[in-house]
Amino acid sequence: MAVGMAVFHDVKICVLLGIGAALPDLDREYILTNKLSLAKHQLHRALFHNIFFAFGMYLFNPFLGLGVILHIMLDMLTSPTDRGVEVLFPLDRIIQDFHLDYDGILKEKRRILWYLEDPLRVITRTTEKELAPTSKSPWVRVYGPFKNSRIADWTVFYSSIIFLILFDSQDLVAWTLQLLLALKQYFPLITGIVLFYMGGEIWRRKLQSSGKGRTIIAVLMLSGVAVLVYGCFRIFSPPSFIFDEIKTIVFAILSFLTGVVIAFVHVKKRHKIATL
Ligand SMILES: [Zn+2]
């Protein structure tokens, strides 16, 4: 939200960014399954924490997309314990094995391999059970040095609030009124997110172990999704690309694909001369 004010000087945009930033973590609650299956599929910090989801949201509404991107960038700074971010999901799941294990032992395989093993030992010792992978896997996530809900997290939170107050200190009353109006306008979106989170969190913390109350939670979360989808369509406003921008996107995709092919041939040739 602080970015919204600093860059766009607009309270509505600021709220939209905030809502966008709340979307990625909706991938945490996965009520139809139990903890074991959650661990197996590894969807948290993957399903809605990737560049494709962010781009999709950007096409839906650029400010919502920007909020998603800011959230993902901050999560990329968090540790393996918090499970970082799987930015290339679901594409990266094509790669199912790795070349070098965490003890430095090389595997010689012919398939497409990711270079390094995910730091499984650190993850299983320090993370929540349902977030830890069930077996060794390729290093598909991006990690950083910070731990969730510690100083870095709270610094971002408090600094943003202080910035908003300082930035709008000239007319804080008018700003607050605008904020309330924006919250009213985006009420369905916010209610949807809150209902979904509430249902998911009650399930995860209280009921998942016993399996009781599944239907009530499902109804609560599904109504959250319904209100959220309705709220989303009210703010549907895709960016209008002009010819030049489309040209840039097409050139970027073309260059990337050709670059991958050339890099593949390049590495294959070099590999024949010197191994590793
Ligand atoms: Zn997140």
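Please read all numbers here as calculations on a predicted model, not as lab measurements.

### Focus on the overall build of the protein chain
Part 1: A tally of regular secondary structure across the protein chain gives eleven helices and two strands.
Part 2: N-terminal to C-terminal, the α/β element order of the protein chain is α-α-α-α-α-β-β-α-α-α-α-α-α.
Part 3: Viewed in the frame of its principal axes, the protein chain has a C-alpha envelope of about 70 × 55 × 35 Å.
Part 4: Counted over contacts in the protein chain with a minimum sequence separation of 6, partners at least 24 positions apart contribute 66%.

### Considering the nonpolar core
Part 1: In terms of nonpolar packing, the biggest core is built from 34 residues, with Leu16, Leu17, Ala54, Met57 and Val68 touching the most fellow members.
Part 2: Among the secondary structure elements, those contributing two or more residues to this core are α2 (11-22), α4 (51-60), α5 (62-75), α9 (187-207) and α10 (214-234).
Part 3: With eight residues, the single largest contributor to this core is α2.
Part 4: Excluding residues that lie within four positions of it along the chain, alanine 54 makes contacts with Gly65, Val68, Ile69 and Ile72.

### Let's talk about the environment of isoleucine 72
Part 1: As for its position among the elements, isoleucine 72 is in helix α5.
Part 2: Filtering out sequence-adjacent residues up to four positions away, isoleucine 72 remains in contact with Pro24, His49, Ala54, Val85 and Val87.

### Quick notes on α9
Counting along an α-helix, one turn takes 3.6 residues, and residues three or four places apart therefore face a common direction.
Part 1: Compared with the 30 Å implied by 1.5 Å per residue over 21 residues, the 28 Å span of α9 between its first and last C-alpha is a close match.
Part 2: If you check which residues of α9 are buried, you get Leu189, Gly192, Ile193, Phe196, Gly199, Gly200 and Trp203. The arc that holds every buried residue of α9, seen down its axis, measures 140 degrees, which confines them to one face. Turned more than 90 degrees from where α9 packs its buried face, Arg205 and Lys206 sit exposed.
Part 3: Among the structural elements, α2 and α10 are those in contact with the buried residues of α9.

### Quick notes on α10
Part 1: Relative to the 30 Å expected for 21 residues at 1.5 Å per residue, α10 spans 30 Å between its end C-alpha atoms, a close match to the ideal helical length.
Part 2: Listed as buried for α10 are Ile217, Met221, Gly224, Val227 and Leu228. Projected down its long axis, α10 carries its buried residues within an arc of 120 degrees, all on one side. Opposite its buried face, α10 presents the exposed residues Thr215, Val219, Val229, Phe233 and Arg234, each directed more than 90 degrees away.

### Some points on the packing of α2 against α5
Part 1: Contact geometry for α2 and α5: axes closest at 7 Å, N-to-C directions at 50 degrees. When the axis of α2 is compared with that of α5, the two are oblique. Once α2 is placed against α5, the crossing between them reads as right-handed. Here Ile13, Leu16, Leu17, Gly18, Ile19, Gly20 and Ala21 of α2 lie close against α5, whose contacting residues are Phe63, Leu64, Gly65, Leu66, Gly67, Val68, Leu70 and His71.
Part 2: Its residues assigned to classes, the contact of α2 with α5 shows ten nonpolar, five polar and no charged.

Basis of the calculations
Residues numbered from 1 in each chain as written. Predicted model: local features only at pLDDT ≥ 70, side-chain atom pairs only at ≥ 80, totals over all residues. Helix = DSSP H or I, 4+ residues; strand = E, 2+ residues; numbered from the N terminus. Contact = placed C-beta atoms within 7 Å. Core = buried A, V, L, I, M, F, W, Y, C linked by C-beta atoms within 7 Å. Buried ≥ 20, exposed ≤ 12 C-beta atoms within 10 Å, placed from the backbone. Expected span 1.5 Å × (residues − 1). Arc of directions from axis to C-beta. Axes fitted to C-alpha atoms, helices over the stretch in contact; angles between N-to-C directions. Parallel < 35°, antiparallel > 145°, perpendicular 65-115°, else oblique. Left-handed = near helix turned anticlockwise from the far one by under 90°. Nonpolar A, V, L, I, M, F, W, Y, C, P; charged D, E, K, R; others polar.

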